[in-house]
Amino acid sequence: MRTKLLMLLSIVSLSAFSQFNVKEIDSTQIHKGIKLKKNKVVSSIMWFDKAGENYVIQTETPLIETKSSIEAKKNYELVKTDGKFVNSKKVDGKMVRGEYVGGKTDTIWSAESEYRIKGLFTYHYLIDKTDTLRLLWKNIDQMSQCSYKYLKADYLSKPIVTDLDKDGKAEVWFAYELGCTDNKAESPMVMKLALYIGKKAYMISGRRVVQNGEKQEGGEIIPDKSFDELPQEFRDYALQIWNTYKFQK
């Protein structure tokens, strides 16, 4: 309960830095001129600032079968249900199965046949003072080379809008995670924090913290060198967002 309360307070304090009237909108309220691929809209917001009318939309793809997984499936055949074992017999009181006939058996199974891709696509559209709609930036990332059973690619936060430099134009932040895990051994997920100031992107990558018994694993943080160019208030704010989502549940 305490952890949830601290996270809630942290998120509230993050949103307090926005100087704009940011509104969450549904897909019917997105500007008609914005044409998105047929991906699932996870969140969408809009606001007005000195640059104009802004829309930031987070989307995700379904699990997409790769060309390599389709090819891998051609290298083996699954057992058919019409097959059966014949000439089974007891040996030393134990039943020993005989020859399997009437169906097809696995020949060359490949884990690659179960590989899928899931992508996260975030877009920032702007309608400027000349009433021109344009794509200001897009952030595309994905998880691949992983079985569909264990693949994870999810947003950790909705877009966070700030004006830390007080120039009347918004900065946009959001966090997401990527990883390939299984139900036998939990491992820290890759976490990324993106910041966009105008068209310029800044990125922090690292691993979320996971509790393994009495030990904590993960927690590494690797910012782009471009983050060193930012004023201290931006770096402090980035760390505040990171700490909000660094623990893996």
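Above this text is the structure in question.
On a predicted model such as this, the values are computed, not experimentally measured, just so you know.

Peer 1: For this particular structure, what's the right way to read the state of the cysteines?
Peer 2: A covalent bond between the sulfur atoms of two cysteines is what we call a disulfide. Using the criterion set out here, one finds one disulfide in the structure. Paired through a disulfide, Cys 146 and Cys 180 show a sulfur-sulfur distance of 2.1 Å. When the S-S torsion is 85°, as for the bridge of Cys 146 with Cys 180, the disulfide is right-handed. Linking Cys 146 in strand β10 (residues 133–147) with Cys 180 in strand β13 (residues 171–180), this pair joins segments that are 34 residues apart in sequence. When its relative accessible area of 1% is taken as the criterion, Cys 146 is described as buried. Taking the relative accessible area as the measure of exposure, Cys 180 reaches 39% and is therefore partly exposed.

Peer 1: So what exactly am I meant to see when it comes to the pattern of salt bridges here?
Peer 2: It is possible for side chains of opposite charge to pair when their charged atoms get near one another. In total, this model carries 12 salt bridges according to the counting rule given. Residues Lys 192 and Asp 141 are paired through a salt bridge, measuring 2.8 Å at the closest nitrogen-oxygen approach. You can see Lys 192 sitting in strand β14 (residues 190–197) and its partner Asp 141 sitting in strand β10, a full 51 residues away along the chain. Looking at Asp 141, the relative accessible area reads 15%, which means it is buried. With its nearest N and O atoms 2.9 Å apart, the salt bridge here joins Glu 177 to Arg 208. Here the residue Glu 177 occupies a position in strand β13, and Arg 208 occupies one in the loop between β15 (200–207) and β16 (210–212), the gap between them amounting to 31 residues.

Peer 1: Hey, could you run me through a negative patch on the surface in this one?
Peer 2: Together, Asp 165, Asp 167, Glu 233 and Asp 236 give the surface a local cluster of negative charge. Take Asp 236: it is sitting in helix α3 (residues 232–245). You can call Asp 236 partly exposed: its relative accessible area is 43%.

Peer 1: Help me out: how do you make sense of the environment of Ala 111 in this one?
Peer 2: Position of Ala 111 relative to the elements: it lies in the loop between β8 (99–101) and β9 (115–127). Ala 111 sits in the partly exposed class, given a relative accessible area of 37%. In the structure, Ala 111 is positioned 39 residues away from Ala 72 in sequence and 8.4 Å away in space, judged by C-alpha atoms.

Peer 1: What's the story with the pairing of strand β11 (residues 151–155) in this structure? I'm lost.
Peer 2: Regular strands place their side chains on alternate faces of the sheet. Here β11 shows a clear split, with Leu 151, Ala 153 and Tyr 155 buried on one side and none of Lys 152 and Asp 154 buried on the other. Judged from the five bridges that link them, β11 and β13 form a sheet pairing that is antiparallel. Each residue of the ladder has a partner; that of Lys 152, found in β13, is Gly 179.

Parameters at a glance
- Residues numbered from 1 in each chain as written.
- Predicted model: local features only at pLDDT ≥ 70, side-chain atom pairs only at ≥ 80, totals over all residues.
- Heavy atoms only, no water.
- Disulfide = S-S within 2.5 Å.
- Helix = DSSP H or I, 4+ residues; strand = E, 2+ residues; numbered from the N terminus.
- Buried < 20%, exposed > 50% of the residue type's maximum accessible area, 1.4 Å probe, protein only.
- Salt bridge = Lys/Arg side-chain N within 4 Å of Asp/Glu carboxyl O.
- Patch = residues over 30% accessible without salt bridge, like charges linked within 9 Å, V, L, I, M, F, W, Y side chains within 5 Å.
- Areas by Shrake-Rupley, 256 points an atom, 1.4 Å probe, with all protein chains shown as cover.
- Lys, Arg positive; Asp, Glu negative; His and termini not counted.
- Charge placed at Lys NZ, Arg CZ, Asp CG, Glu CD.
- Pairing = 2+ DSSP bridges.

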